[in-house]
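Close look at the chain arrangement
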Amino acid sequence: MRRPSVFLAAALLVGALAVPASAADGDEEFTIKDPRITESSGLAASRLHPGIYWTHNDSDDGAYLYAVDSATGETVATITMTGVGSPRDVEAISIGPGNQIYVGDIGDNLGGTWPHVWIYRLPEPKDLRDQTIRATQYVVKYSDGARDAESLVVHPKTGRVYILDKNEKGGHLYEGPAELSASGTNVFRPVAAVPDLEATDATLSPDGEHLVVRSYFGAIAYDWDGGDIKRKQRLGVPFLGQGESVTYTADGKKLMYGAEGADSPVEPQDAPGAEGTDSPSGNGGSSASDGGAGADGLSGNLKIGAIAAAAALVVLFGLRRLRRRN
């Protein structure tokens, strides 16, 4: 009668150690299935709803935001923003303090000729359902003239908004006022150079200590250092097509990379510095410690399963030998 309990204990041990992270954690790859989302140009991990990612279409799709469940890839809520007029070229989304969503209508397909761009702010809804939410609209200009941009981040502690312009020769990090004004023009000023890549999106870690800027085919990690950013390392990114988006997961352990196109994929990579280990530098593409196969040919989940099975066998044989001695 004891032997079944031994096998049960071993099975439970294997199960406890080998089960992959829950999809509810929002750190597994998924595909955006909504046929309306064909140009996903920004991603933001929800703080209120684990496993939910907010996204939007590029260009003039309309004043819509979509809440996508990473467990299924399905849209679980569509938000229609009012009070913002007709969006022109929506390129970025970020979540700031107080679960406020910031949307960057900051693209300029005319090559940096529009005299101003816009930022919209609205509260993240507590209930995930289709609804209309009134947003606050902010007029934005740059101190050194009009430019194209696709990257907007909001510091998770101060609430200050930053924009990175898009330039194939490298751009700059622009800092907005300490508080945005809905009644006047908000002037953004360059505070740091962001060389060596054409920024298509950026994301700040949940603790506000790290910045990751991505381009179509690569990414660079920085220490935030109060906005006086310090380059840390180049990151390998998965090739997904036209790479347009990146966000930290809500717990800061992963980076989620997305792309434009119908049925667009979103894939995770280890965030630099997560759990004491940095992602390796590289010039693009996945690498062993970016969630792919390691030098021994086993992916992370398979390694866990193998270790768990070995541990279970040790327990099983140890118990059997103990029984024989008794």
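Residues numbered from 1 in each chain as written. Predicted model: local features only at pLDDT ≥ 70, side-chain atom pairs only at ≥ 80, totals over all residues. Heavy atoms only, no water.

**Overview of unusual backbone geometry**
- The residue Asn-99 is not glycine, and still its phi comes out positive at about 55 degrees.
- Looking at Asn-99, the relative accessible area reads 24%, which means it is partly exposed.
- In this structure, Asp-225 takes a positive phi of about 55 degrees despite not being glycine.
- Looking at the element boundaries, Asp-225 is found in the loop between strand E17 (219-223) and strand E18 (230-235).
- With a relative accessible area of 45%, Asp-225 lands in the partly exposed category. (Buried < 20%, exposed > 50% of the residue type's maximum accessible area, 1.4 Å probe, protein only. Helix = DSSP H or I, 4+ residues; strand = E, 2+ residues; numbered from the N terminus.)

**Some words on the pairing of strand E21 (residues 265-270)**
- Summarising the sheet, strand E1 (residues 30-31) and E21 pair through two bridges and their orientation is antiparallel. In the strand pairing of E21, Thr-31 is matched with Pro-265.
- Strand direction decides the pairing type here: strand E20 (residues 254-259) and E21, joined by five bridges, are antiparallel. Within E21, the residue paired with Tyr-257 across the bridge is Glu-267.
- Taking the residues that link successive antiparallel strands as the turn, the E20-E21 hairpin has five residues, and the phi of Gly-261 there is positive, at about 115 degrees. (Pairing = 2+ DSSP bridges.)

**Considerations on the pattern of salt bridges**
- The final tally for this structure, using the stated rule, is eight salt bridges.
- For Arg-147, the salt bridge is made with Asp-144, and the minimal N-O distance between the two is 3.3 Å.
- Among the residues examined, Asp-144 registers a relative accessible area of 40% and is labelled partly exposed.
- With a closest N to O distance of 2.9 Å, Glu-150 and Lys-166 form a salt bridge. Here Glu-150, found in strand E11 (residues 149-154), pairs with Lys-166, found in the loop between strand E12 (161-165) and strand E13 (170-175); they are 16 residues apart in sequence, far enough to count as distant. The two residues Glu-150 and Lys-166 agree in class, both being buried.
- One network of salt bridges, with partners in common, ties together Asp-144, Arg-147 and Asp-165. (Salt bridge = Lys/Arg side-chain N within 4 Å of Asp/Glu carboxyl O.)

**Here's the deal with the sheet that holds strand E3 (residues 52-57)**
- Ordered in space as E2-E3-E4-E5-E9, the five strands form an open sheet in which the pairing is mixed. Pairing within the sheet leaves two strands with one partner each, and these edge strands are strand E2 (40-45) and strand E9 (131-134). Adjacent strand axes in the sheet meet at a mean angle of 30 degrees, parallel and antiparallel pairs treated alike.
- In the sheet, E3 pairs with strand E4 (residues 64-69) via four bridges, with the strands oriented antiparallel. (Axes fitted to C-alpha atoms, helices over the stretch in contact; angles between N-to-C directions.)

**Concerning the sheet that holds strand E19 (residues 243-248)**
- Taken in spatial order, the four strands of this open sheet run E1-E21-E20-E19, and their pairing is antiparallel. Only two strands of the sheet have a single neighbouring strand rather than two, namely E1 and E19.

**Points about the environment of Tyr-216**
- Tracing the backbone shows Tyr-216 in the loop between strand E16 (210-214) and E17.
- A relative accessible area of 21% places Tyr-216 in the partly exposed class.
- Sequence-wise, Tyr-216 and Gln-242 are 26 residues apart; in three dimensions their C-alpha atoms are separated by 5.9 Å.
- Filtering out sequence-adjacent residues up to four positions away, Tyr-216 remains in contact with Lys-166, Glu-198, Thr-200, Gly-241, Gln-242, Gly-243 and Glu-244. (Contact = heavy atoms within 4.5 Å.)

**Digging into the pairing of strand E8 (residues 117-123)**
- In terms of residue burial, E8 counts as a mostly covered element, since five of its seven residues are buried.
- Where strand E7 (residues 100-105) meets E8, six bridges bridge the pair, whose relative direction is antiparallel. Within the sheet, the bridge partner assigned to Ile-101 lies in E8 and is Leu-122.

**Quick look at the packing of aromatic side chains**
- Applying the stated criterion across every chain, the model contains five aromatic pairs.
- Between Tyr-162 and Trp-224 the ring centres are 4.9 Å apart and the planes differ by 85 degrees, which places this aromatic pair in the edge-to-face class. Here Trp-224 lies in the loop between E17 and E18 and Tyr-162 lies in strand E12, a separation of 62 residues in the sequence. Of the two residues, Tyr-162 and Trp-224, both sit in the buried class. (Phe/Tyr/Trp six-rings, centres within 6.5 Å; stacked < 30°, edge-to-face > 60°.)

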